[in-house]
Amino acid sequence: MSTKSPPATNTSSPSASARRAAAPESPETDERILARLKSVEGHVRGVARMVEEGTYCVDVVHQIGAVQKALGRISTLLLDRHLHHCATKAIRGDDPEERERVIVELLDVFEAGRR
């Protein structure tokens with residue numbers, strides 16, 4: 001019997017799964033995002049190794065900061081893709097409820113970044 005948990009999903013609101021659409025096809029952007037994620041994954045493994053080896057705490061903290069900055073760049077790539085495709089489509093569309101939903105969603109993203 002497997003003890004693996006199912007993948008985590010974002011259920012920040014009751015309609016979260018209903019409003020999620022597949023990301024637009026953008027192979028170049030996807031490749032860039034995946035490459036950066038794999039790089040961060042390797043970097044995190046390196047940080048774990050540093051802790052296992054008893055590396056000086058401040059050095060580990062500096063490496064964690066580098067990981068956080070790299071994740072921030074990935075987040076920026078994803079937000080850029082979202083703004084240029086999903087949000088633009090909704091804002092230019094004819095559905096006022098969808099426009100409002102996307103605007104609120106973007107405001108939530110920016111508010112979360114301030115916390």
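Relevant structure appears above.
Residues numbered from 1 in each chain as written. Predicted model: local features only at pLDDT ≥ 70, side-chain atom pairs only at ≥ 80, totals over all residues. Heavy atoms only, no water.

Undergrad: Explain the side chain of Glu 105 to me, using residue names and the numbers behind them.
TA: Along the polypeptide, Glu 105 turns up in helix H4 (residues 96–114). What makes Glu 105 buried here is its relative accessible area of 12%. Here the side chain of Glu 105 touches His 82 through a polar contact of 3.3 Å, side chain to side chain. (Helix = DSSP H or I, 4+ residues; strand = E, 2+ residues; numbered from the N terminus. Buried < 20%, exposed > 50% of the residue type's maximum accessible area, 1.4 Å probe, protein only. Polar contact = N/O pair within 3.5 Å; in protein donor to acceptor, adjacent residues only side chain to side chain.)

Undergrad: Lay out the packing of helix H2 (residues 27–52) against helix H3 (residues 57–92) in plain terms, naming residues and giving numbers.
TA: Running from amino to carboxyl end, H2 crosses H3 at an angle of 165 degrees, the nearest separation of the two axes being 10 Å. Taken together, the axes of H2 and H3 lie roughly antiparallel to each other. Note that H2 runs across H3; the crossing there is left-handed. In terms of residue class, the contact of H2 with H3 is built from 16 nonpolar, three polar and six charged. (Axes fitted to C-alpha atoms, helices over the stretch in contact; angles between N-to-C directions. Parallel < 35°, antiparallel > 145°, perpendicular 65-115°, else oblique. Left-handed = near helix turned anticlockwise from the far one by under 90°. Nonpolar A, V, L, I, M, F, W, Y, C, P; charged D, E, K, R; others polar.)

Undergrad: I'd like a description of the nonpolar core, backed by residues and values.
TA: Counting nine residues, the largest nonpolar core consists of Ile 33, Val 40, Val 47, Met 50, Val 60, Val 67, Ala 70, Ile 74 and Leu 77. Considering every element that reaches this core, the biggest residue donor is H3, with five residues. (Core = buried A, V, L, I, M, F, W, Y, C linked by side-chain atoms within 4.5 Å.)

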